[in-house]
Amino acid sequence: PMLWAIGDPALLARPSVALVGARNASSLGLRMARRLAEGLGEAGYVVVSGLARGIDTAAHLTALQSGTVAVLAGGVDVLYPSENTRLGEDIVAAGGLRLSEQPMGMQPMARHFPARNRIVSGLCQAVVVVEAAARSGSLITARGALDQGREVLAVPGHPIDARAAGCNMLIRDGARLVR
């Protein structure tokens, strides 16, 4: 096992919390992700996420100055999705860190994302799911967190919004409610 890194690995010594959620996040979900990332940064936590669209992007952007770690599904030098290329570069420029277990140059494949998610949860004391559908990669991260003995927290959502179904299920099953 090996992790590739670009940026400051000293961030891994600080306490960290993962913020994960929907790629097609709602405006309320994005606002919540930003508020959580800001509060965590002010409290001294590093924000960890997967550099995906939506919730991940909002969390990384907000935590640029306080410290953020992006765990990638492809090689640490392959910024995906392409619209987050600048964000991936800014993370390192601001003193953050990009990590991956895939070799340099590896393009992300579907099977790499669940493996990436277990690293996200493994780095953190807790995982906060901001928005997630009933069948979501964020729920894979939450399941991994439970398997690793980490705390799982979830932001509740409206029962009609499909983007909230996964979070509401997590809360029903014992995840700590975040508001």
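So, a few notes on the structure that sits alongside this text. Note that the coordinates shown come from a computational prediction; the quantities given were computed from them, not determined experimentally. (Residues numbered from 1 in each chain as written. Predicted model: local features only at pLDDT ≥ 70, side-chain atom pairs only at ≥ 80, totals over all residues. Heavy atoms only, no water.)

**Comments concerning the overall build of the protein chain**
Rules: Numbering goes from the N terminus for both helices and strands, where a helix is a DSSP run of H or I of at least four residues and a strand is a run of E of at least two. Radius of gyration here uses only the C-alpha atoms, and the compact-globule reference equals 2.2 Å multiplied by the residue count raised to the power 0.38. We call two residues in contact when some of their heavy atoms are within 4.5 Å. Here the Shrake-Rupley method, with its probe set to 1.4 Å, supplies the accessible areas, and only the displayed protein chains count as covering residues. Under the counting rule used here, the positive set is Lys and Arg, the negative set is Asp and Glu, and His together with the chain ends is not counted. To locate a charge, the coordinates of NZ of Lys, CZ of Arg, CG of Asp or CD of Glu are taken.
Counting secondary structure elements, the protein chain contains six helices and eight strands. Listing the helices and strands of the protein chain from first to last along the sequence gives β-β-α-β-α-β-α-β-α-β-α-β-α-β. Over its C-alpha trace the protein chain gives a radius of gyration of 15 Å, about what one expects of a compact globule, namely 16 Å for 179 residues. In terms of principal-axis extent, the alpha carbons of the protein chain reach across some 40 × 35 × 30 Å. Contacts spanning at least 24 positions in sequence make up 73% of the contacts within the protein chain whose residues lie at least 6 apart. With an accessible surface of roughly 8,600 Å², the protein chain has 54% of that area assigned to carbon and sulfur atoms. Charge centroids of the protein chain, computed over 18 positive and 14 negative side chains, lie 5 Å from each other.

**Digging into the pairing of strand β6 (residues 126–129)**
Where we set the bar: Burial status follows relative accessibility: with a 1.4 Å probe on protein chains alone, a residue under 20% of its type maximum counts as buried, one over 50% as exposed, and anything between as partly exposed. Two strands qualify as a pair provided DSSP detects at least 2 bridges between them. If you view a crossover with the strands going away from you and the path from the first strand over the helix to the second runs clockwise, you call it right-handed.
Side chains of β6 alternate between two faces, with A126 and V128 and V127 and V129 buried alike. Where β6 and strand β7 (residues 151–154) come together, four bridges link them in parallel fashion. Directly across from V127, in β7, lies its bridge partner V152. Crossover connection from β6 via helix α5 (residues 137–147) to parallel β7: handedness right-handed.

**Re the packing of helix α1 (residues 27–42) against helix α2 (residues 55–62)**
We apply this condition: Lines fitted to C-alpha atoms define the axes, with helix axes restricted to the stretch in contact, and inter-axis angles between N-to-C directions lie between 0 and 180 degrees. Each crossing gets its handedness from the near helix: less than a right angle anticlockwise from the far helix is left-handed, clockwise is right-handed. Asp, Glu, Lys and Arg are counted as charged, while Ala, Val, Leu, Ile, Met, Phe, Trp, Tyr, Cys and Pro are counted as nonpolar; the rest, among them Gly, fall into the polar class.
In the contact formed by α1 and α2, the axes pass within 8 Å of each other and the chain directions differ by 35°. Of the two elements, α1 crosses α2, and the hand of that crossing is right-handed. Between α1, through G29, L30, A33, R34, A37 and E38, and α2, the contact on the second element is made entirely by I55, A58, A59 and T62. For the contact of α1 with α2, a count of residues per class yields six nonpolar, two polar and two charged.

**Quick notes on the sheet that holds strand β1 (residues 4–7)**
Taken together, eight strands build an open sheet; the order of strands is β1-β5-β4-β3-β2-β6-β7-β8 and the sheet is mixed. Edge positions in the open sheet fall to β1 and β8 (176–177), since each of these has one partner strand only. Along the sheet, helix α3 (residues 85–93) contacts β1, β4 (68–71) and β5 (97–100); its crossing angle with β5, the most-contacted strand, is approximately 115°. Where α5 meets the sheet, its contacts fall on β2 (16–20), β6 and β7, and the angle it forms with β6 comes to roughly 155°.

**Comments concerning α3**
Note the following rule: Throughout, the arc means the angular range of directions from the helix axis out to the C-beta atoms.
Among the residues of α3, L87, G88 and I91 are the ones counted as buried. Take α3 and look down its axis: the buried residues cluster within an arc of 100°, on one side only. Away from its buried face, by an angle of more than 90 degrees, α3 presents the exposed residues R86 and A93. Buried residues in α3 make contact with α2, β4 and β5.

**Quick look at the nonpolar core**
Formally: Definition used in this section: a nonpolar core is a set of buried Ala, Val, Leu, Ile, Met, Phe, Trp, Tyr and Cys residues joined via side-chain atoms within 4.5 Å.
V48, V69, V129 and L170 are the most contacted members of the largest nonpolar core, which totals 23 residues. In terms of residues, this core owes the most to one element, α5, which gives three residues. Contact partners of V129, with chain neighbours within four places excluded, come to V20, S138, A142, L153, A154, V155, C167 and L170. Grouped together as the second largest cluster of nonpolar side chains are 19 residues, L40, A58, A59 and A63 included.

**Quick look at the packing of helix α4 (residues 112–122) against α5**
What counts here: Oblique is the label for any angle not covered by the other classes, which are roughly parallel (under 35 degrees), roughly antiparallel (over 145) and roughly perpendicular (65 to 115).
Their axes nearest at 8 Å, the elements α4 and α5 cross at an angle of 50°. Relative to α5, the element α4 is oriented oblique. Between α4 and α5 lies a crossing whose hand is right-handed. Contacts between α4 and α5 involve P114, N117, V120 and S121 from the former and G137, I140, T141, G144 and A145 from the latter.

**Comments concerning the pairing of β7**
In this sheet, β8 lies alongside β7 in parallel orientation, the contact comprising two bridges. Within the sheet, the bridge partner assigned to A154 lies in β8 and is L177. Between β7 and its parallel partner β8, the chain crosses via helix α6 (residues 165–172), and the hand of that crossover is right-handed.

The values reported here are purely geometric and, on their own, carry no functional implication.
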